Amino acid sequence: MRRAGRPSTSPPRPRAAEPEQLGFEGMPERLFVCTPSKLGAYEDCPRRYRYSYVDRPAPPKGPPWAHNSLGASVHTALKNWYALPADRRRPEALATLLKGTWVRDGYRDDEQERAAYRRALGWLEAYVGTLDPETDPLGVERVVAVKTGVLAFNGRTDRIDSRQGPSGPELVIVDYKTGRTGLDADDARGSQALALYAYAAERVFRRPCRRVELHHLPTGTVAAHEHSPESLARQVGRAEETARDIMAAERSVADGGDPDDAFPAAPGPRCGWCDYRRTCPEGAQTPGKEPWAAVDRAGDT
């Protein structure tokens, strides 16, 4: 027979409280974390944005592009040129630097690749001939970041120069281009990426940053634009509107909406160059470009 225990003298345990639903009224909306390429992907084609940033696992990409390999090789060679001591920043150092950074993906054959290498080396030698090897930029491949009421933006600039302006030192955003010809001041003025870099750099370094430049290495030309505070604010506002559209589309999908409706395709000539052309029903109707095609026509990187 089981013996009865002594009555407990401990106070009764309180019942577990029901979880309280915290309200979110008055809390700030989450910021949209972005880079220039992320914003640009949506503006070019919402469907491409979805394939790149929303769908998981992401659809398989097509083969690598030779013009991307060429552009990456040139950019890295210039980065490493600036990493040299000033007395070694000479044109004859470039062949070794370019060989060390050369990306071989995407070319049609060895002959095309060798021709592209020789062309790139010529661009680099001509370009560094215009630079003062004793002058160090404020930043090379420098990440700048800024927050607004909507965006948490960050991006990697090719170069940030510090130059003397009418009222003291001013910053200049420099972006290297190795692709299509015909870049002019309108391209520099209309570039959202350059404007966001300038907006962020001004706040990171606390110096005026209004001038943006596209340095086209194949032609040795510079396309420049001098922003005003108002024009930078307009570009930031445009980026914020894009971010709001993206967040609304992402919420729609999260709530069970049709992803194709939330992120519609924007069919056009760009489809032939899209990494996801084979996945996209609309894009698949456009003939695809060969991975090396842009190198033959000077490309667009």
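## Some points on the overall build of the protein chain
Helix and strand counts for the protein chain come out as 10 helices and 6 strands. Here the protein chain holds 301 residues, and 40% of them are scored as buried. Sequence-distant contacts in the protein chain: of pairs separated by 6 or more residues, those separated by 24 or more amount to 66%. Put simply, the protein chain shows about 17500 Å² of open surface, and 50% of that area lies on carbon and sulfur atoms.

## Quick look at the packing of aromatic side chains
Within this structure, the stated rule accounts for 11 aromatic pairs. Arranged with centres 4.9 Å apart and planes meeting at 35 degrees, the rings of Tyr49 and Tyr53 form a pair that is tilted. Of this pair, Tyr49 and Tyr53 both sit in helix 2 (residues 46-54), 4 residues apart, which is roughly one turn of the helix. Residue Tyr49 is classed as buried on the basis of its relative accessible area, which comes to 0%.

## Some details on the packing of helix 4 (residues 94-101) against helix 5 (residues 110-128)
It is at 10 Å that the axes of helix 4 and helix 5 come closest, and there the two elements cross at 130 degrees. Judged by the angle between their axes, helix 4 and helix 5 are oblique. Relative to helix 5, the crossing made by helix 4 is right-handed. Seen from helix 4, the contacting residues are Leu94, Ala95, Leu98 and Lys99; seen from helix 5, they are Tyr117, Ala120, Leu121, Leu124, Glu125 and Val128.

## Thoughts on the pattern of salt bridges
Evaluated as defined, the whole model comprises 21 salt bridges. Of the charged contacts, one joins Arg238 and Glu43 as a salt bridge, the two residues approaching to 2.8 Å between their closest N and O atoms. With Arg238 in helix 8 (residues 229-254) and Glu43 in helix 1 (residues 36-44), this residue pair connects regions lying 195 residues apart in the sequence. Arg238 sits in the partly exposed class, given a relative accessible area of 35%. The shortest N-O distance in the salt bridge between Glu202 and Arg210 comes to 3.0 Å. On the accessibility criterion, Glu202 (16% relative accessible area) is buried. One salt-bridge network, held together by shared partners, links Arg159, Asp161, Arg163, Arg211, Glu213 and Glu226.

## A few points about the pairing of strand 6 (residues 221-226)
For strand 5 (residues 209-216) and strand 6, the ladder comprises 6 bridges, and the chain directions are antiparallel. When the bridges of strand 6 are listed, Val212 appears paired with His225.

## Brief notes about the packing of helix 1 against helix 2
Describing two packed helices takes the angle between their axes plus the distance from one axis to the other. At a closest axis distance of 5 Å, the pairing of helix 1 and helix 2 adopts a crossing angle of 135 degrees. Between helix 1 and helix 2, the angle falls in the class oblique. Taking contact as the criterion, the partners of Ser37, Lys38, Gly40, Ala41, Tyr42 and Asp44 in helix 1 are, on helix 2, Pro46, Arg48, Tyr49 and Tyr53. Of the residues assigned to the contact of helix 1 with helix 2, the class counts are 5 nonpolar, 2 polar and 3 charged.

## Re helix 3 (residues 66-83)
Residues lying three or four places apart along an α-helix face the same way, a consequence of the helix completing one turn every 3.6 residues. Spanning 18 residues, helix 3 covers 26 Å between terminal C-alpha atoms, matching the ideal 26 Å at 1.5 Å per step. When we look at burial in helix 3, the residues that qualify are Ala66, His67, Ser69, Leu70, Gly71, Ser73, Val74, His75, Ala77, Leu78, Trp81 and Tyr82. As for helix 3, its buried residues are in contact with helix 4, helix 5, strand 2 (139-147), strand 3 (151-165), strand 4 (168-177) and helix 10 (293-296).

So, how was this worked out
- Residues numbered from 1 in each chain as written.
- Predicted model: local features only at pLDDT ≥ 70, side-chain atom pairs only at ≥ 80, totals over all residues.
- Heavy atoms only, no water.
- Helix = DSSP H or I, 4+ residues; strand = E, 2+ residues; numbered from the N terminus.
- Buried < 20%, exposed > 50% of the residue type's maximum accessible area, 1.4 Å probe, protein only.
- Contact = heavy atoms within 4.5 Å.
- Areas by Shrake-Rupley, 256 points an atom, 1.4 Å probe, with all protein chains shown as cover.
- Phe/Tyr/Trp six-rings, centres within 6.5 Å; stacked < 30°, edge-to-face > 60°.
- Axes fitted to C-alpha atoms, helices over the stretch in contact; angles between N-to-C directions.
- Parallel < 35°, antiparallel > 145°, perpendicular 65-115°, else oblique.
- Left-handed = near helix turned anticlockwise from the far one by under 90°.
- Salt bridge = Lys/Arg side-chain N within 4 Å of Asp/Glu carboxyl O.
- Pairing = 2+ DSSP bridges.
- Nonpolar A, V, L, I, M, F, W, Y, C, P; charged D, E, K, R; others polar.
- Expected span 1.5 Å × (residues − 1).

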